[in-house]
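If you want the building blocks of each chain, they are given just below.
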Amino acid sequence: MFQSDQNEGDPRAVNVDLQTDATLQVDISDALSERDKVKFTVHTKSSLPNFKLNEFSVVRQHEEFIWLHDSFVENEEYAGYIIPPAPPRPDFDASREKLQKLGEGEGSMTKEEFTKMKQELEAEYLAIFKKTVAMHEVFLCRVAAHPVLRKDLNFHVFLEYNQDLSVRGKNKKEKLEDFFKNVVKSADGVLVAGVKDVDDFFEHEKTFLLEYHNRVKDASAKSDRMIRSHKNAADDINRIASSLYTLGTQDTTELCKFFLKVSELFEKTRKVESRVAADEDLKLSDLLKYYLRESQAAKDLLYRRSRSLVDYENANKALDKARSKNRDVLQAETSQQICCHKFEKISESAKQELIDFKTRRVAAFRKNLVELAELELKHAKGNLQLLQSCLGFMKTNT
Amino acid sequence: MADTDREDEELFTEPSGTQSQPASLSTEDVSANTNGPNQDALFDDDPEDLFAEATEEVSLDSPERDILLSDGPSPAITPITPPTSVIAPRIGHTHDDMFTHSSFDEIEEEEVDDSFDINISVSDPEKVGDGMNAYMAYKVTTKTSMSLFKQREFSVKRRFSDFLGLHSKLASKYLHVGYIVPPAPEKSIVGMTKVKVGKEDQSSNEFVEKRRSALERYLMRTVKHHILLKDPDVLQFLESSELPRAVSTQALSSAGLLRMVNKAADAVNKMTIKMNESDAWFEEKQQHFESLDVQLRKLHISVESLVCHRKELSVNTAQFAKSAAMLGNSEDHTALSRALSQLAEVEEKMDQLHQDQANADFYLFSELLGDYVRLLAAVKGVFDHRIKTWQKWQDSQILLQKKREAEAKLQFTNKSDKLQQAKDEIKDEIEEMEGRVQQDERDFEQISRTIRKEVGRFEKERVKDFKTSIIKYLESLVLTQQQLIKYWEAFLPEAKAIS
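Here's what I pulled together on the structure shown here. Quantities reported herein were computed from a predicted structural model and do not represent experimental measurements.

**Description of the overall build of chain B**
The number of helices and strands found in chain B is 14 helices and 3 strands. Put simply, 76% of the contacts in chain B that link residues at least 6 apart link residues at least 24 apart. Element-wise, carbon and sulfur atoms account for 53% of the exposed surface of chain B, whose accessible area totals about 23,100 Å².

If you want it as structure tokens, here you go:
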């Protein structure tokens, strides 16, 4: 059971400028991890008349976030907006497995080693926990910051209704339906992507987003791999420190002091290395993963717009046909007007959304890259200092 | 040099050096020479005893000796000569006879600090020949100011089997009298085959570099030993331009097979000899080395894992760098695009940094541990030899006892015709056995003394080695961090410039 205290290395700042509006402020003030679910305490501060109180909290689980997200996606009114991407499911499986393996292997290692490893796995668990809290919070903040979505009724219910929303996860049938919907969408997407857009802006955005999305995906995967190797190396240094310690306590020559000093040094440096890996994870991997999801959401928007364009063109054709046959002309005219209106509405908001997306993206990358560089420097300098002081000590004492 | 044998790749892999020579000289094959210091020659004041020792004898006719000892007297004739005096004329002065001194510790200090100035480097690996008969030739350069050598700086070309041959000779001469002979680097069939087959890729280059470094460390360790440094085989190895091929290092030769048989015999013997240890020092030291062995192996495994993961990190960083560059290319905001390209450049530099660090991890840390794990096996070897020497002494005592009993029995027999002859015979035999028992006891005491000194020397070396290497390793870590700081400091303004 872990409580979140979001002070150290605030992982939520993948997006920026979301908390400036006093009329509606949302955050996750607390979280509890139970056996296989996480309970988030969603805390709202608002001066809007829609809510009964100015400040209130409810407890929500992951499925309820998903329900909210899906309700946005399915709402035709929001077709012209980039729907903030849903937070990923909290996944403690890997961490739990490791803790279990540790428990099983308890007999084969010394008490110190066991305690050390347990501490580390617990720290890892805590880090994953903090991350999932951050990602759920970012989602809510994005919704709260969006001029239209923040007014959504489901959103208000989500924030205020202090009973269980009784949102069950999708059952098999619904998951299958989703699957087919996605297949159709991607097939459609290919067709739609083939249609050259008259509007330069959107044509450019389409090309850009397709390529960008793929490259972010690749960068995200490679970043993960790199960071994992880094963690592995830090683990090795941990083991080396332990072995050196044992050697130091058993040696009969003057090497014993030497080994103990080096062991102490490696204990400290490997903590630094672990932090480097963790910070790279937060500032680089998480950033890339987030923009992978956001760029997908942007692609979905473009898809919806293209879809409505196709509908509009089809409606035009139908109108022409009706006029030529002089049958159901009124019907065709109405239909065409609806499609035209829909298309124009989507196009207008989509343009703004995509511009905002770029602004947000540039700001987020800037913030994270600067912080990444600063943290790398901080840790490297820390490491350097540890190494130099140890070397200084050893050289004067030999 | 037409040889169909490939001594550098063995079908039966042998661990380098330590137990490859049988403990007792009497079973030695002629080609694995026995012209080491004959124990008898060294410790007996009575020259007559030398020739009475029919079973243990220097093979005076072994061919190598002619080359080696052309300017010195043969050991069998010169009485009371410690191993170093075998080449006394070349040194120019005789050493203290360390074996007539009652305490040897003082001597040890003199020996070691006496202007030890020699540096050996192994370089310029060169492939000689083609196909499966090809081999790598290494240049061995010695720089020294010691009067032991004819020149101050000189080079020779040697191949791997030459190193193995040198070790083989040294081991057969010195291991059984208690000297810790540094083991030679290990053979590697896979590694060498790749090189022979001509693969000019990174892994075979790495293999050659690994081996070159190991050979260099091996030679330095060998010459750091004040006794081994003066051995004629070592001098010949370092100085003479032509070296007779070390045929006996081939596994499938008769010498090789004999070695394997003897090793098996040794293994059995080791398990059955239980010694009445009168000196707690030895048991203490043995336990100490055993636990050191366990710890070093464990540490070695962790360091090897670090090397592996660091190399992985390097590869993954390079891949990420490429990916980040691609991302930068597709980013349509100009400043961000540039920053991402800069990030890609930083990561590329980091990839090289990780690669360099992995090499430092390996050569300064991992190989040190590997060397010491193998050295500890040699240390264990000399302790085992001591036990065997003790066993030999016990056996002689038992035999003497038996003969005495036989003599006593003869007193009470009435077979008068052959009685006097038998009595005389047994008297001679008893006298001989008494001499043998005394000799074996002296051998045992000698090896015990030698081991004490050797352990002292070994531990001193170990302390120095570890300190030097680990300090160098920490310095490599310092360098890496300094580079990291440089790279990220250069990147930071680029990131801040995004607007």
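From this point on, the discussion continues.
**Here's the deal with the environment of Leu484 of chain B**
Tracing the backbone shows Leu484 of chain B in helix H14 (residues 416-496). Along the sequence, Leu484 of chain B and Gln438 of chain B sit 46 residues apart, while their C-alpha atoms lie 68 Å from each other. Setting aside residues up to four positions removed in sequence, Leu484 of chain B forms contacts with Ala380 of chain A together with Met350 and Leu353 of chain B.

**Examining the packing of aromatic side chains**
Applying the stated criterion across every chain, the model contains 30 aromatic pairs over all chains. On the numbers, 4.9 Å between centres and 85 degrees between planes, the contact of Phe362 of chain B with Tyr363 of chain B is edge-to-face. When its relative accessible area of 14% is taken as the criterion, Phe362 of chain B is described as buried. Both rings, one in Trp393 of chain B and one in Phe444 of chain B, keep their centres 5.6 Å apart while their planes meet at 25 degrees; by these two values the pair is stacked. On the criterion of sequence distance, the pair formed by Trp393 of chain B in helix H13 (residues 334-411) and Phe444 of chain B in helix H14 is long-range, its members being 51 residues apart. The rings of Phe258 and Phe259 of chain A together with Trp281, Phe282, Phe289, Tyr372, Phe383, Phe458 and Phe466 of chain B are connected pair by pair, giving a single aromatic cluster. Stacked on the ring of Phe202 of chain A, the Lys or Arg Arg305 of chain A has its end atom at 3.6 Å from the ring centre.

**Some details on the pattern of salt bridges**
All names here are of chain B. Under the definition given, this model contains 52 salt bridges over all chains. Close ionic contact of Glu459 with Arg462 constitutes a salt bridge, the shortest N to O distance being 2.8 Å. Linking Glu459 with Arg462, this pair stays in helix H14, spanning 3 residues, or about one helical turn. Comparing Glu459 with Arg462 shows no difference in burial state: the two are buried. Connected through shared salt-bridge partners, Arg217, Arg221, Glu367, Asp371, Arg374 and Asp465 make up one network.

About the cut-offs
- Residues numbered from 1 in each chain as written.
- Chains lettered and ligands numbered in written order.
- Predicted model: local features only at pLDDT ≥ 70, side-chain atom pairs only at ≥ 80, totals over all residues.
- Heavy atoms only, no water.
- Helix = DSSP H or I, 4+ residues; strand = E, 2+ residues; numbered from the N terminus.
- Contact = heavy atoms within 4.5 Å.
- Areas by Shrake-Rupley, 256 points an atom, 1.4 Å probe, with all protein chains shown as cover.
- Phe/Tyr/Trp six-rings, centres within 6.5 Å; stacked < 30°, edge-to-face > 60°.
- Buried < 20%, exposed > 50% of the residue type's maximum accessible area, 1.4 Å probe, protein only.
- Lys NZ or Arg CZ within 6 Å of the ring centre and 35° of its normal.
- Salt bridge = Lys/Arg side-chain N within 4 Å of Asp/Glu carboxyl O.

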